[in-house]
Amino acid sequence: MQPALIPTIDYSYQGALRYQTNLDGKDPWGAIASDYHRMISERFPNGQLIVDKTLNQSMLMGLILHCLPDARVIWMRRNAADNALSAYTAYFTSAIPWSWCLKDMAAHFRLEDRLFAHWKSLYPDRIMELRYEDLVTDPSTWIGSLLNHVGLPHEPQVYDFHKSKRPILTASVQQVRSKISDSSVGKSQRFLDQLSPFLNTYYK
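Just so it is clear, the structure is predicted and the values come from calculations on it, not from any experiment.

Draft legend 1. Structural context of the packing of helix H4 (residues 80-89) against helix H5 (residues 102-122). The contact between H4 and H5 brings their axes to 11 Å, and the two run at 130 degrees. One finds that H4 runs oblique with respect to H5. As H4 runs across H5, the sense of the crossing is right-handed. Across the interface between the two elements, Ala80, Asn83, Ala84, Ala87 and Tyr88 from H4 touch Leu102, Met105 and Phe109 from H5.

In structure tokens:
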């Protein structure tokens, strides 16, 4: 989505208005949607359904929902301390600078909270909040709700995803090959001293 939105220059509201004004009389947001779909089809030429879980999509959420009016969003939310521990100890395959410092992570999470509250208030029907803790403790119920939100059928493979032999090219390969588990819920409680820079900044 970021390459498709390059015409807005800086992804800001003002940049979006300038882009829209410069293409007055045309379909500026339809053009961006067309570019996005073209790039997706080039990367995935077999016409599969796509779940775009690129990190930091929340920073572009307003523009995404504007130019893709049929898009449905699953916004995963998780206990902040557990999420911080997970991100801080993860090996990301691309540079995620906010994950390198607990204080920076806390500031990033606070911004994410504000973005979620803002966009959810404006698009309550298109954005589904999914709590990580709910999903891992009652996956059948919440997977069903997720499928209903995005308009997909309840195929049995969705519930047995870990049995799939398809190639996985992301850092999530271990999780994708495992059953859903609640073993990480509350894990941060064992590391509160180490997480104190995050906790003191996030909850200040």
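Back to the write-up after that little detour.
Draft legend 2. Up close: the environment of Trp75. Among the structural elements, Trp75 can be located in strand E1 (residues 73-77). Residue class for Trp75 comes out buried when judged on its relative accessible area of 7%. Along the primary structure Trp75 and Phe116 are separated by 41 residues, whereas in three dimensions their C-alpha atoms are 8.0 Å apart. Setting aside chain neighbours within four positions, we find Trp75 in contact with Ser58, Met61, Glu112, Leu115, Phe116, Trp119, Ile127, Met128, Glu129 and Leu130.

Draft legend 3. Representation of the pattern of salt bridges. Inspection of the entire model under this criterion finds 6 salt bridges. Linking Arg77 and Asp113 is a salt bridge whose minimum nitrogen-to-oxygen distance equals 3.0 Å. With Arg77 in strand E1 and Asp113 in helix H5, the pair connects residues that are 36 residues apart, well separated along the chain. Note on Arg77: relative accessible area 18%, which makes it buried. Its salt-bridge partner being Arg131, residue Glu133 comes within 3.8 Å of it at the nearest N-O pair.

Draft legend 4. Up close: the side chain of Arg78. Residue position: Arg78 is located in the loop between E1 and H4. Here Arg78 sits buried without a salt bridge, and the closest side chain of opposite charge, Asp82, lies 4.9 Å off (N-O distance). Contact partners of Arg78, with chain neighbours within four places excluded, come to Asn83, Ser86, Arg131, Tyr132, Glu133 and Ser184.

Definitions and cut-offs
- In this numbering scheme, every chain counts its residues from 1 along its sequence in written order.
- Under the rules for a predicted model, residues below a pLDDT of 70 receive no local features and side-chain atom pairs below 80 are neither given nor counted, while totals for whole chains, interfaces and linings still include all residues.
- Hydrogens are left out, water is left out, and the side-chain values use all remaining heavy atoms of the structure.
- Axes here mean lines fitted to C-alpha atoms, for a helix over just the part in contact, with angles spanning 0 to 180 degrees between N-to-C directions.
- Secondary structure elements are defined from DSSP: runs of H or I of at least 4 residues count as helices, runs of E of at least 2 residues count as strands, and each element is numbered from the N terminus.
- By definition in this entry, angles of less than 35 degrees are roughly parallel, angles greater than 145 are roughly antiparallel, angles of 65 to 115 are roughly perpendicular, and the rest are oblique.
- Working rule for handedness: look at the near helix, and if it is turned counterclockwise from the far one by less than a right angle, call the crossing left-handed; if clockwise, right-handed.
- By the convention used here, residues are in contact when the closest approach between their heavy atoms is within 4.5 Å.
- A 1.4 Å probe rolled over the protein chains alone gives each residue an accessible area, and that area as a share of the maximum for its type sets the label: buried under 20%, exposed over 50%, partly exposed in between.
- Salt bridge, as used here, is a side-chain nitrogen of Lys or Arg placed within 4 Å of a carboxyl oxygen of Asp or Glu.
- Only four residue types enter the charge count: Lys and Arg as positive, Asp and Glu as negative, with His and the chain ends excluded.

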